[in-house]
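Spelled out, the chains give:
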Amino acid sequence: MQCLRTRLFQIILMATLATLPSSSRAQDSNNIHYDQATHVFRLDAAGMTYAFGVNNVDALQPIYWGKTLAATDPLPAVHTMPEAASFDSPADTTPNEYAGWGGGLYPEPALKVTFPDGNRDLVLHYVSHAIAGDELKIKLKDIERNLFVELHYTIDPATGIVGRWAVIENKTSTPVMIESAAAATWSLPRGNDYSLRYLSGRWAGEWNLQKQPIRPGETILQSKRGSTGHQNNPWFAIERGEHPDEESGDVWFGALAWSGSWRISVEQDQLQQIRVTGGFNPFDFGYKLEAGKELTTPVFYGGYSGDGIGAASRLLHRFELTKILPQAPAPKVRPVIYNSWEATGFDVDEPGQEALAEKAASIGVERFIMDDGWFGQRKDDHAGLGDWYVNPQKFPHGLKPLIDKVHALGMDFGLWVEPEMVNPNSDLYRKHPDWVLNFTGRPRTEARNQLVLNLARQDVRDYIFHFLDDLLSHNDIAFLKWDYNRNWSEPGWPAVAPDEQKEVYVQYTRNLYSILSELRAKYPKLEIESCSGGGGRVDLGILRLTDEVWPSDNTDPFDRLRIQDGFTYAYTPGVMMAWVTDSPGWLNNRTTSVTYRFLSSMQGSLGVGANLKNWKPEDFATAKQLIEAYKGVRETVQHGSLYRLVSPRDGSEASVTESVSLDRKQGVLFTFLHSSQMGYPFPRVYLRGLDPKMQYRVTPIAGELTKDMPAAASGAYWMSHGVDVQLRGDFQAAAFRFDAAP
Ligand code: GLA
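Quick caveat, the model's predicted, so the values are computed rather than measured.

Draft legend 1. Fine view of the site of the ligand. Taken together, the neighbourhood of the ligand is formed by 13 residues, with Asp371, Asp372, Lys481, Asp483 and Asp553 sitting nearest. Contact between the ligand and aspartate 372: an oxygen atom at 2.6 Å from a side-chain N or O atom of the residue. At 3.0 Å, a side-chain N or O of tryptophan 416 approaches an oxygen atom of the ligand. Burial of the ligand by the surrounding chains reaches 97%, relative to a free accessible area of 300 Å². A majority-of-atoms criterion places the ligand in the largest pocket.

Structure below.
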């Protein structure tokens, strides 16, 4: 009897196992599965499946990336693709998760090295793996030498965004020169109907969204400048099909977490396979990896959306807010700030700043930030950078009286710094001319009359940390605007051996990160903005250590609509600082109303940068009312779901954005009319993302709906019937909030 029961139990167990998907019989975690029988790894979350396997020659071969597959769907063992011609060997026809340059590989390698004996062939094969929680590590090794690569994969359960990076380990007995090292290669399903979106720009003209078909060949997005750069941002999105749009279609996207020189290559090979490889920029790169040492690459994040690029952006926004930012998973809302730069330039002093602070406090500003000009012998941009003492002529009693005044007015205090730079006209440079990036005996090219300190040097790193530590320990400073106003030239590091000098590309950025993280650890309440002459240093690396960014020095409220639109493809409005400045604006000489300027800035994290000394009483009244209104919707604007309803790009005469709170109880609508044409009314706006069954009451923040619009209606009504906004003229704007009726 006993025996029969045991036998019965065994049969039931085996039958149950047979019906289970193979992965659940394997070693796995909630979101990462490994099938021993097929050698296939599978990452699943938030409607996305990512799969790859160890193939017949022990290489890691991508299998699938896209909309989630059923747990029971077969993902059989993988095999190398056959030689397509004598010109297309399996190394080229077979996609690879992380290919060493070797064995006749022609697509971009993930890793390229030179061994001291001249061997440059590297072929990486699977050795072992480990899964712990939402992280998978895979160990690869060269087929002959003790050069190891540990690939890391993390998956975010809420967004399905996969993080990938590599740790290169030299376990040989001699140094190895690393000539290029990517974080990852992403392979998309084979196809010929893809298009690439990326961001381009320049100083005061950042965040232009570009779109081009992916054709055979290679497109390079990059910075060779030592920092992220205004010109390309380390973000891409790839759409498939003829007519993908904001809310429909397959989209693969990625962003690189690195603030130094970077590169993302997008390739379509001769077999219509798409590979996206990103990491350190191989240009002028060379990292001498000593025996026993490791090099860790940046992280390359990748995600997929089946619901268009709007949903892709929302996934990235959510990921940034909950996983990247220093205050993740629940960042505080950004305070409304005042910044002195456009009002006073370098002419800051105690009475002038105090007068501005009083006016700023009167309209509801919560943080007062003194910009450039407070330190050293800084009268203009010719002198002072590097000398971080408080200028005694401008602030005879130090910063304390101003900070106390700002506090007494109910605001906290922020300060501008540009720690990585030096003017040749400074005590620091006179004392340490060897501290800047330079090649011995060669000219040192200045930009804005400044040179770049070589932060890769330990002494420079220590100097910068200590002056900031000193500033923060002696003054009650809640916020630093950390600026960086030029790119590298002559990036030499003469103090180290010639074959180590190119490590500046890695060590500089690492030291920047280490200063930021050490400061944050020591001053946990400190918040930091990343600025680089506007949006020159915005990426997921710096966003791990800073709370907001300055997207552009261009504060023209009309230009900003496009700048802000482009920005949100990759980054959350919750970090997008936007100031209301004076009219006509300094850049385009465009005249706009206070309301228009405020509504443009209220699409992000609101600031005021105007010269309040010139404002009229009615300007203060409008500003006060709109700042109050902003505080009632900022949680939704900064942390909600963004819908780009009407694009300001491509000569559009209107633009509209909507943000919906996570509980869907509030929607906020911003509408802008660039110029009325032929007497047509403003286009009807169809909201998105509301709860169709919930009742929402509409309240104007500024402007009016047409008279026949109801005061309250269901989410279904606002989304399907739409909203008619009364806007006529040039540079007109209106905004509304939709609140769930109790
Ligand atoms: C850069 C910043 C500006 C301002 C100036 C000060 O250009 O982007 O906002 O801080 O520096 O010199």
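Having seen the model, we can carry on.
Draft legend 2. Region of interest: unusual backbone geometry. In this model, alanine 328 is joined to proline 329 through a cis peptide bond whose omega is 10°. Looking at the secondary structure, you find proline 329 in the loop between α3 (308-324) and β21 (337-339). For aspartate 284, which is not glycine, the phi dihedral falls at a positive 60°. With respect to the helices and strands, aspartate 284 occurs in the loop between β17 (274-280) and β18 (287-289). A positive phi angle, close to 60°, is found at asparagine 589, a residue other than glycine.

Draft legend 3. Molecular detail of the sheet that holds strand β4 (residues 60-67). The strand order across the open sheet formed by four strands is β1-β2-β3-β4, and the pairing between neighbours is antiparallel. Where the open sheet ends on each side, the last strands, each with one partner, are β1 (32-35) and β4. With strand direction ignored, the average angle separating the axes of adjacent strands in the sheet is 15°. As paired strands, β1 and strand β2 (residues 40-45) are joined by four bridges and run antiparallel to one another. Residue aspartate 35 lies in a different strand from β2, and its bridge partner there is valine 40.

Draft legend 4. Representation of the pattern of salt bridges in the model. Counting across every chain of the model gives 45 salt bridges. The shortest N-O distance in the salt bridge between glutamate 527 and arginine 367 comes to 3.0 Å. Remark: arginine 367 occurs in strand β22 (residues 367-370) and glutamate 527 occurs in strand β27 (residues 527-530); sequence separation between them is 160 residues. Take glutamate 527 and arginine 367: they sit in the same class, and that class is buried. Between arginine 649 and aspartate 565 there is a salt bridge, and its shortest N-O distance comes to 2.9 Å.

Draft legend 5. Seen up close, the packing of helix α11 (residues 594-601) against helix α12 (residues 617-639). The geometry of α11 relative to α12 is characterised by a closest axis approach of 10 Å and an angle of 25° between their N-to-C directions. Taken together, α11 and α12 sit at an angle that is classed as roughly parallel. Considering how the two elements wind past one another, α11 and α12 form a crossing that is right-handed. For the pair α11 and α12, contact is made by Val594, Thr595, Phe598 and Leu599 and by Asp619, Thr622, Ala623, Leu626 and Ile627, respectively. Taken together, the residues that form the contact of α11 with α12 break down as six nonpolar, two polar and one charged.

Draft legend 6. Layout of the side chain of threonine 657. In this structure, threonine 657 sits in strand β32 (residues 654-660). By relative accessible area, which is 15% here, threonine 657 ends up buried. There is a polar contact of 3.0 Å between the side chain of threonine 657 and the side chain of glutamine 603. Among all residues touching threonine 657, those that are not within four sequence positions of it are Gln603, Leu642, Tyr643, Leu645, Val668, Leu669 and Phe670.

Draft legend 7. Quick look at a nonpolar patch on the surface. Together, Trp203, Trp586 and Leu587 line one region of the surface with nonpolar side chains, adding up to about 310 Å² of accessible area. The topology assignment puts leucine 587 in the loop between β29 (577-580) and α11.

Draft legend 8. Inspection of the packing of helix α8 (residues 458-474) against helix α9 (residues 504-522) at higher detail. In contact at an axis separation of 10 Å, α8 and α9 are set at 25° when each is read in the N-to-C sense. Between α8 and α9, the angle falls in the class roughly parallel. The chirality of how α8 crosses α9 is right-handed. Contacts from Arg461, Ile464, Phe465, Leu468, Asp469 and Leu472 in α8 reach Asn511, Ser514, Ile515, Glu518, Leu519 and Lys522 in α9. Tallied by class, residues from the contact of α8 with α9 come to six nonpolar, two polar and four charged.

Cut-offs used in this document
- Residues numbered from 1 in each chain as written.
- Predicted model: local features only at pLDDT ≥ 70, side-chain atom pairs only at ≥ 80, totals over all residues.
- Heavy atoms only, no water.
- Near = heavy atom within 4 Å.
- Polar contact = N/O pair within 3.5 Å; in protein donor to acceptor, adjacent residues only side chain to side chain.
- Areas by Shrake-Rupley, 256 points an atom, 1.4 Å probe, with all protein chains shown as cover.
- 1 Å grid on protein atoms, 1.4 Å probe; cavity = no way out; pocket = protein on both sides within 12 Å on 5 of 7 lines; lining within 4 Å.
- Sits in = over half its atoms within 2 Å of the grid points.
- Helix = DSSP H or I, 4+ residues; strand = E, 2+ residues; numbered from the N terminus.
- Pairing = 2+ DSSP bridges.
- Axes fitted to C-alpha atoms, helices over the stretch in contact; angles between N-to-C directions.
- Salt bridge = Lys/Arg side-chain N within 4 Å of Asp/Glu carboxyl O.
- Buried < 20%, exposed > 50% of the residue type's maximum accessible area, 1.4 Å probe, protein only.
- Parallel < 35°, antiparallel > 145°, perpendicular 65-115°, else oblique.
- Left-handed = near helix turned anticlockwise from the far one by under 90°.
- Contact = heavy atoms within 4.5 Å.
- Nonpolar A, V, L, I, M, F, W, Y, C, P; charged D, E, K, R; others polar.
- Patch = residues over 30% accessible without salt bridge, like charges linked within 9 Å, V, L, I, M, F, W, Y side chains within 5 Å.

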